[in-house]
Amino acid sequence: MDEQITGKRFLAVTVLNVLITVVEIIGGLVSGSLALLSDAFHNLGDSFSIVLGYFAQMIANKPETSKRTYGYRRAEILAAMVNAAFLVIVSVFLIIEAVKRLQQPAHINGEIMLIVAVVGLVANLLSAILLHAGSHSNLNVKATYLHVLSDALSSFAVIIGGVILTFVNITWLDPVLTIAVAIYIAYEAWPVIKQTVTILMESAPKLDYKGIEQDLIQIDGVTAVHHVHAWMIDEKRIIFSAHLNCHDMKLSDVEKIYRQVDKLLNEKYGICHVTIQAEYHRGKDEEFFDTDVDEENLIK
């Protein structure tokens, strides 16, 4: 399966989520289940998230322009952050409502709760299967996939609750299940938020920078490396720039060094875009990273 999720799959997942939402709202109102109503609004949010994820994917595939020289790839990162943040907000809302329900218990119709939850589980699992292909290599699809997967888990938890409540009236079970699912949803979404913020803040990707410096200096003609910058356009594309101090040589010989640097950084470190500035003595005493501020003290 191609990394790009097709529009038909996004449409199918959206339709499934809308249908689940309608069924769960009706079922939640009839049964009195907070877990079902919570899952219904969660599914409604998922429908929005799935549509947002699809359009973000379309925008990300647009070519580079004079205004967007790196293209529109970060549209998917923005969509992933919005989707994951929405999951955390929904989780907080669910926990608050569940705590209120614990303080004011209500009777739950376990049979209706069970039937609706089974329908929701089947539909959510089907949606998860449709999105699974792109969830490992694309943050945007992963965030959308997590929405659907968390709904499947929620439906499974509601099924367990429905089975129990069919035979035993445990008033605290429904809100406790809601809290458990909400905590899981937030736990799964938080890493996506952290990664998207890291990319949008242009934080340095995790690379062996000491290894890079040693490898570059070993190239014939290179004497030092400084003024290094590395950042990510999205979760897969790393951009790298550096100043190389070289022997006094012809420009044609410098180009040979550039080709070696490009090949080394791409094949060994997975860097897709490299910009190198060759210098003779200028900046030779500068640090590898160009910074005048102690980052640890700045954070403190």
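Preceding this paragraph is the structure being described.
Residues numbered from 1 in each chain as written. Predicted model: local features only at pLDDT ≥ 70, side-chain atom pairs only at ≥ 80, totals over all residues. Heavy atoms only, no water.

Participant: Please set out the sheet that holds strand β2 (residues 238-246) residue by residue, giving values where relevant.
Facilitator: With respect to topology, three strands assemble into an open sheet ordered β1-β2-β3, the strand pairing being mixed. Each edge of the open sheet is held by one strand with a lone partner, namely β1 (222-232) and β3 (273-279). Adjacent strand axes in the sheet meet at a mean angle of 15 degrees when their direction is disregarded. Relative to β2, β1 runs antiparallel, the two sharing eight bridges. Counted as the bridge partner of Val225 is Leu244 from β2. The sheet contacts of helix α7 (residues 209-217) involve β1 and β2, and relative to β1 the element is tilted by about 140 degrees. (Pairing = 2+ DSSP bridges. Helix = DSSP H or I, 4+ residues; strand = E, 2+ residues; numbered from the N terminus. Axes fitted to C-alpha atoms, helices over the stretch in contact; angles between N-to-C directions. Contact = heavy atoms within 4.5 Å.)

Participant: Explain the pairing of β1 to me, and be specific about the residues and the numbers.
Facilitator: The element β1 is extensively covered by neighbouring structure, given that eight of its eleven residues are classed as buried. The turn linking β1 back onto β2 is made up of five residues. (Buried < 20%, exposed > 50% of the residue type's maximum accessible area, 1.4 Å probe, protein only.)

Participant: Got a sec to walk through the nonpolar core? Specific residues and values, please.
Facilitator: Formed by 25 residues in total, the largest nonpolar core has its most connected members in Ile212, Val225, Phe240, Leu244, Val261, Leu265 and Ile271. Put simply, the parts of the chain that give this core at least two residues each are α7, β1, β2, α8 (251-269) and β3. In terms of nonpolar packing, the next biggest core, distinct from the first, is built from 24 residues, Leu173, Val181, Ile185 and Ile193 among them. (Core = buried A, V, L, I, M, F, W, Y, C linked by side-chain atoms within 4.5 Å.)

Participant: Tell me about the environment of Ile20, residues and numbers included.
Facilitator: Mapped onto the secondary structure, Ile20 falls in helix α1 (residues 7-31). It is 9.4 Å that separates the C-alpha atoms of Ile20 and Ala117, two residues lying 97 residues apart in sequence. The contact partners of Ile20, leaving out residues within four places of it in the chain, are Asn43, Gly120, Ala123 and Asn124.

Participant: If you had to explain the pattern of salt bridges to someone new, which residues and values would you point to?
Facilitator: In the structure shown here, the tally under the stated rule is five salt bridges. Linking Lys100 and Glu97 is a salt bridge whose minimum nitrogen-to-oxygen distance equals 3.5 Å. Of this pair, Lys100 and Glu97 both sit in helix α3 (residues 74-103), three residues apart, roughly one helical turn. Overall, Lys100 belongs to the partly exposed group, its relative accessible area being 46%. Exposure remark for Glu97: the relative accessible area of 25% places this residue in the partly exposed category. Asp215 is the salt-bridge partner of Lys268, the closest N and O atoms lying 2.8 Å from each other. Here the residue Lys268 occupies a position in helix α8, and Asp215 occupies one in helix α7, the gap between them amounting to 53 residues. On the basis of relative accessibility, which here comes to 52%, the residue Lys268 falls in the exposed class. (Salt bridge = Lys/Arg side-chain N within 4 Å of Asp/Glu carboxyl O.)

Participant: Give a description of the packing of α7 against α8 that names residues and reports values.
Facilitator: Following both chains from N to C, one finds α7 and α8 inclined at 145 degrees, their axes separated by 11 Å at the closest point. When you trace α7 past α8, the crossing you get is right-handed. Only Val261, Leu264, Leu265, Lys268 and Tyr269 of α8 make contact with α7, whose side of the interface consists of Gly211, Ile212, Asp215 and Leu216. A breakdown of the residues in the contact of α7 with α8 according to their chemical character gives six nonpolar, one polar and two charged. (Left-handed = near helix turned anticlockwise from the far one by under 90°. Nonpolar A, V, L, I, M, F, W, Y, C, P; charged D, E, K, R; others polar.)

Participant: Tell me what's going on with a nonpolar patch on the surface, and back it up with residues and numbers.
Facilitator: A contiguous nonpolar patch, built from Leu153, Phe156, Ile160, Val163, Ile164, Phe167 and Val168 and spanning about 630 Å² of accessible area, is present on the exposed surface. Along the chain, the position of Ile164 falls in helix α5 (residues 139-167). (Patch = residues over 30% accessible without salt bridge, like charges linked within 9 Å, V, L, I, M, F, W, Y side chains within 5 Å. Areas by Shrake-Rupley, 256 points an atom, 1.4 Å probe, with all protein chains shown as cover.)

Participant: Tell me what's going on with empty space enclosed by the protein, and back it up with residues and numbers.
Facilitator: Following the criterion strictly, the structure yields one cavity of 30 Å³ or more and no others. Here the largest cavity defines a volume of roughly 90 Å³. Lining the largest cavity are 13 residues, and of these Ala35, Leu94, Ser154, Thr178 and Val181 lie nearest its centre. Mapped by element, the contributors of at least two residues to the lining of the largest cavity are α2 (34-60), α5 and α6 (173-200). Residue contributions to the lining of the largest cavity peak at five residues, all from α6. The residue makeup of the lining of the largest cavity, split by class, is eight nonpolar, four polar and one charged. (1 Å grid on protein atoms, 1.4 Å probe; cavity = no way out; pocket = protein on both sides within 12 Å on 5 of 7 lines; lining within 4 Å. Points joined across faces, edges and corners; volume = space filled by probe spheres on them.)

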